[in-house]
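Architecture and fold: a report
The primary structure of each chain is shown beneath.
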Amino acid sequence: EDKVVQSPLSLVVHEGDTVTLNCSYEVTNFRSLLWYKQEKKAPTFLFMLTSSGIEKKSGRLSSILDKKELSSILNITATQTGDSAIYLCAVEQASGTYKYIFGTGTRLKVLA
Amino acid sequence: DAGVIQSPRHEVTEMGQEVTLRCKPISGHDYLFWYRQTMMRGLELLIYFNNNVPIDDSGMPEDRFSAKMPNASFSTLKIQPSEPRDSAVYFCASRPTGSAGANVLTFGAGSRLTVL
């Protein structure tokens, strides 16, 4: 059965800390891996990764994919209270059509 | 672009009642997905459509759930009869067909359903 597993399930840190969120997958017909941030409403897109070893960066956030280990990490440096959210990892499958399998997410809380 | 539009944003109903959730995808997006989110199970794919045709409904929990997409700009998810365990946030999302750079799923704001 295809699955995406995220760890940790939840995390509490203080402002300024660096965090690393993990995503591992066992999915057939892998096409890409996506990270989303979900605050109070809809998940919003952060990164899409298709190739191993190529880091994607956006400000204090960065992510990288390891297709050999079937995993990805999302790093957040110098965390701020505004980073508090659920971070979702999704794997896109492509076998004729496209389908996305999501992990259960990592709930991050950043304390002032 | 107004993004993916869902309605209603909140619905409170009593067990046994019919619930209809609505979604308007982004214009030009030919894939539409319905997800359900709960604390226990996270985001679960219920069904998805390509060019208005249901492709995979294996995530629909039981016959009480049905979904339609009569045209490219409208889809409904219906629950009849509703039960308390159906309480969740239901998200609609869409994406275009295209190259690897176009495969970002865009979500609507969600419909929060509470069944009493």
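Each chain carries its own residue numbering, running from 1 in the written order of its sequence. Chains carry letters and ligands carry numbers; both start at the beginning, A for chains and 1 for ligands, and go up in the order they are written. Per-residue local features of the predicted model are confined to residues with pLDDT of at least 70, and side-chain atom pairs are confined, for both listing and counting, to 80 or more; whole-chain, interface and lining totals are unaffected and use all residues. Side-chain measures were taken over the full set of non-hydrogen atoms in the model, leaving aside hydrogen atoms and water.

**Some points on the interface of chain B and chain A**
Keep this limit in mind: We call two residues in contact when some of their heavy atoms are within 4.5 Å. Summed over both partners, buried area is the accessible surface (1.4 Å probe) that two parts give up on being assembled. One side-chain nitrogen of Lys or Arg within 4 Å of one carboxyl oxygen of Asp or Glu is enough to make a salt bridge. Pairs of N or O atoms are called polar contacts if they sit within 3.5 Å, as long as, within protein, a hydrogen donor faces a hydrogen acceptor (for residues adjacent in sequence, only side-chain-to-side-chain pairs). Helical segments are the DSSP runs of H or I of at least four residues, strand segments are the runs of E of at least two, and each set is numbered from the N terminus.
Counting from both sides, the interface comprises 25 residues of chain B and, opposite them, 20 residues of chain A. When residues of chain B are sorted by the area they lose upon contact with chain A, L43, N103 and F107 of chain B head the list and together hold 25% of the total. When the shortest N-O distance is used, the salt bridge between R95 of chain B and E92 of chain A registers 2.6 Å. Counting across the chain B and chain A interface gives six residue pairs in polar contact (both at pLDDT 80 or more). Of all the secondary structure elements, the ones that give two or more residues to the side of chain B that touches chain A are β4 (31–38), β5 (42–50), β6 (53–56) and β9 (88–95) of chain B. A total of five residues in the side of chain B that touches chain A trace back to one element, the largest contributor, which is β5 of chain B.

**Quick look at the state of the cysteines**
We count it as follows: Pairs of cysteine sulfur atoms within 2.5 Å are identified as disulfides in what follows.
Counting across every chain of the model gives two disulfides over all chains. Sulfur-sulfur distance for the disulfide between C23 of chain A and C89 of chain A comes to 1.9 Å. Handedness here is read from the sign of the S-S torsion; for C23 of chain A and C89 of chain A, about -65°, the answer is left-handed. Of this pair, C23 of chain A sits in strand β3 (residues 19–26) while C89 of chain A sits in strand β9 (residues 85–95); the two residues are 66 residues apart in sequence, bridging distant segments of the chain. A sulfur-sulfur separation of 1.9 Å characterises the disulfide bridge that pairs C23 of chain B with C92 of chain B. Disulfide C23 of chain B-C92 of chain B: torsion about the S-S bond near -65°, hence left-handed. With C23 of chain B in strand β3 (residues 19–24) and C92 of chain B in strand β9, this residue pair connects regions lying 69 residues apart in the sequence.

**Some words on the sheet that holds strand β8 (residues 71–76) of chain A**
Residue and element names in this part refer to chain A. Threshold: Whether two strands pair depends on DSSP finding at least two bridges between them. In this description, a line fitted to the C-alpha atoms serves as the axis of each element, helices being fitted only across the stretch in contact, and the angle between N-to-C directions of two axes falls anywhere from 0 to 180 degrees.
Pairing is antiparallel across the open sheet formed by five strands, whose spatial order is β1-β3-β8-β7-β6. Each having just a single partner strand, β1 (3–7) and β6 (56–58) make up the two edges of the open sheet. Put simply, the sheet's adjacent strands are angled 15° from each other on average, direction ignored. With five bridges connecting them, β1 and β3 associate as antiparallel partners. Its bridge partner lying in β3, V5 is registered against S24.

**A short note on the pairing of strand β11 (residues 106–111) of chain A**
Residue and element names in this part refer to chain A. Short version of the rule: The buried label applies to any residue whose accessible area, calculated with a 1.4 Å probe on protein chains only, is under 20% of its type's maximum; exposed applies above 50%, and partly exposed to all values in between.
The alternating pattern of β11 places T106, L108 and V110 on a buried face and R107, K109 and L111 on a face that is not buried. Sheet topology places β9 next to β11; three bridges connect them, and they run antiparallel. Within β11, the residue paired with Y87 across the bridge is T106.

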